[in-house]
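# Working through the structure, step by step
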Amino acid sequence: MDEADRQLLRRCRVRLVRELQVASLWDVLLSRQLFTPAMIEDIQHAGSGSRSDQVRQLVIDLETRGSQALPLFISCLEDTDQDVLASFLRMSRQEEKQNPEAVRPLNLRPVQLWPAKLRPEVLRPEVPRPVDNCSDVLGCVGAQEISKQNPDLAYALNADPCGHCLIINNVNFCLESRLTARTGSNIDCEKLQRRFRLLHFTVEVKCDLMAKQMVQALVELARRDHSGLDCCVVVVLSHGCQASHRQFPGAVYGTDGCLVSIEKIVNIFNGASCPSLGGKPKLFFIQACGGEQKDHGFEVACASPEDRTSGSDPESDAVLFQEGPGPFDQPDAVSSLPTPSDIFVSYSTFPGFVSWRDTRRGSWYVETLDGVFEQWAHSEDLQTLLLRVANAVSQKGIYKQIPGCFNFLRKKLFFKM
């Protein structure tokens, strides 16, 4: 979808939320192949499932459906007798096509291109800088364009889809494991499924896998041909614990109560096992406890009252540390780490500590990650996004939690928007 259509949709969002009769659209949207059945289902379950939440999500997803998405959508409105809205959108689109000046983003001042009048600060659009809102268009454009203009500084995510995203969501565990059901994890899974689809990934979800099935699913993903893709994402939502390690700390549980180490998960995708991902970013997001310690935090001057999650029902994904053969877990023993390139592992919590999950809203980590990506992924690189996540999560709750990461990327990573 081009910028003019995108801006038109955003300006009309309030009216669409007020007037669009979305219930009559599903069959037509499917028949026109504007959305897949899975995407329709995601839209129907957006937010509280209300009509207004469905419309808001539909408008967001519509922006990702290609250059003809808006004309097709207008035709769908006409097919469902929503002629007033269809006419309004069609006429507005025609006016903007005839008058390109009308689609200039708000607050974007035209720049005079006579060399004698250029000022030095105008000549730096390629440098990404944090922006506080999308109206700072030069900041947005600079961050987005750096991957094309500076291939030595940022990964090129030009393929569409960018790559595969596998989400392993373990909720229900066998009785012998003595692990409780992870209520609220499905909320996390739905958020991440929708988020990575919007970031142009092909998303696959596998639920309630035993440890061997988890490894099998990861190996199958690593053995695929990624030569035409630019990135790969693995998300694991499960119980976790400390584990003896040499490289990456921690382990996650299969539904049978058996452990799979984070180290093993990451190494399945190294250069030897997955050559078609060589030189390409491999991202791992782990929502699981790193141990059983509960962090009470320390007192600071300004704690936000709303971050105490009053009325919430938090659970942890903690399981007692089970020591295996070999030395104890040593998070500080970084001298033994190799230098795996193009790998980024994001942990929901610091090694040794619990990771909190609200049974009604999902985990603190995933809820915050989803919100930060929605607001800032258009303009900031992955590491900056994760700093925002760490800062926001660290301010939540009575017990404390702070996410962290192992970053072996060679360049900055900006998601494809």
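Residues numbered from 1 in each chain as written. Predicted model: local features only at pLDDT ≥ 70, side-chain atom pairs only at ≥ 80, totals over all residues. Heavy atoms only, no water.

Going by the annotation in an unreviewed UniProt entry, the name recorded for the protein is Caspase-9, with Neomonachus schauinslandi given as the source organism. On record in UniProt, under Catalytic activity (unreviewed entry), the comment for the protein is "Strict requirement for an Asp residue at position P1 and with a marked preference for His at position P2. It has a preferred cleavage sequence of Leu-Gly-His-Asp-|-Xaa." (UniProt positions renumbered as here; feature names shortened; annotations may be inferred.)

### Side note on the sheet that holds strand β5 (residues 251-253)
Spatially, the three strands line up as an open sheet ordered β4-β5-β6, and their pairing is antiparallel. Both edges of this open sheet fall to β4 (240-241) and β6 (259-261), since each of them pairs with a single strand only. Of the pairings in the sheet, the one linking β5 to β6 comprises three bridges and is antiparallel in character. Each residue of the ladder has a partner; that of A251, found in β6, is S261. Relative to the sheet, helix α10 (residues 211-223) contacts β5 and β6, its axis offset from that of β6 by approximately 35 degrees. (Pairing = 2+ DSSP bridges. Helix = DSSP H or I, 4+ residues; strand = E, 2+ residues; numbered from the N terminus. Contact = heavy atoms within 4.5 Å. Axes fitted to C-alpha atoms, helices over the stretch in contact; angles between N-to-C directions.)

### Things to note about the side chain of Q287
Here Q287 lies in strand β7 (residues 282-287). A distance of 3.4 Å separates polar atoms of two side chains, one belonging to Q287 and the other to S363. (Polar contact = N/O pair within 3.5 Å; in protein donor to acceptor, adjacent residues only side chain to side chain.)

### Things to note about unusual backbone geometry
In this model, D160 is joined to P161 through a cis peptide bond whose omega is 5 degrees. Summarising the element assignment, P161 is placed in the loop between α8 (137-149) and β1 (163-169). In this model, Q33 sits at a positive phi of 60 degrees, which is unusual for a non-glycine residue. Tracing the backbone shows Q33 in the loop between α3 (26-31) and α4 (37-44). Phi is positive for H200, close to 70 degrees, though the residue is something other than glycine. Positionally, H200 belongs in the loop between α9 (185-198) and β2 (201-207).

### Digging into the pairing of β7
One face of the sheet, then the other: side chains in a regular strand alternate in exactly this way. β7 sits mainly inside the fold: six of its six residues count as buried. The two faces of β7 match: K282, F284 and I286 on one face and L283, F285 and Q287 on the other face are all buried. Two strands pair when backbone bridges link them, and strand β3 (residues 231-237) and β7 are joined in this way by six bridges, in the parallel orientation. Note that in β7 the partner of V235 across the bridge is F285. (Buried < 20%, exposed > 50% of the residue type's maximum accessible area, 1.4 Å probe, protein only.)

### A closer look at α9
With 14 residues, α9 ought to run about 20 Å at 1.5 Å a step, and its terminal C-alpha atoms sit 20 Å apart, in line with that. Of all 14 residues that make up α9, ten are buried, and the element is covered over most of its length. Just past α9, the residue H200 takes up positive phi, approximately 70 degrees. (Expected span 1.5 Å × (residues − 1).)

### So, α4
Of all the positions in α4, only M39, I40, D42 and I43 are classed as buried. Seen from one end, α4 has its buried residues packed into an arc of 160 degrees, which puts them on one side. Structurally, α4 contributes buried residues whose contacts are with α3, α5 (51-62) and α9. (Arc of directions from axis to C-beta.)

### A short note on the UniProt feature "active site" (unreviewed entry) in the protein
Taken from the UniProt record, the annotation "active site" (unreviewed entry) applies to H239 and C289. Tracing the backbone through its elements, the reader meets H239 in the loop between β3 and β4. Owing to a relative accessible area of 2%, H239 belongs among the buried residues under this scheme. Within the structure, H239 has its side chain in polar contact with the backbone oxygen of T180 (distance 2.8 Å).

### So, the packing of aromatic side chains
What describes a pair of aromatic rings is the distance from one ring centre to the other and the angle between the planes of the rings. With the rule as written, the count across this model stands at ten aromatic pairs. Ring centres of F248 and F408 lie 6.0 Å apart, and the angle between their planes is 90 degrees; this geometry places the pair in the edge-to-face category. With F248 in the loop between β4 and β5 and F408 in strand β12 (residues 404-408), this residue pair connects regions lying 160 residues apart in the sequence. Both residues of the pair, F248 and F408, count as buried. Members of the aromatic cluster, each reached through a chain of ring pairs, are F196, F201, F285, F373 and F415. Looking at R15, its charged tip hangs above the ring of F88, at a distance of 4.2 Å from the centre. Over the aromatic face of W376 sits the side chain of R388, whose NZ or CZ is 3.6 Å from the ring centroid. (Phe/Tyr/Trp six-rings, centres within 6.5 Å; stacked < 30°, edge-to-face > 60°. Lys NZ or Arg CZ within 6 Å of the ring centre and 35° of its normal.)

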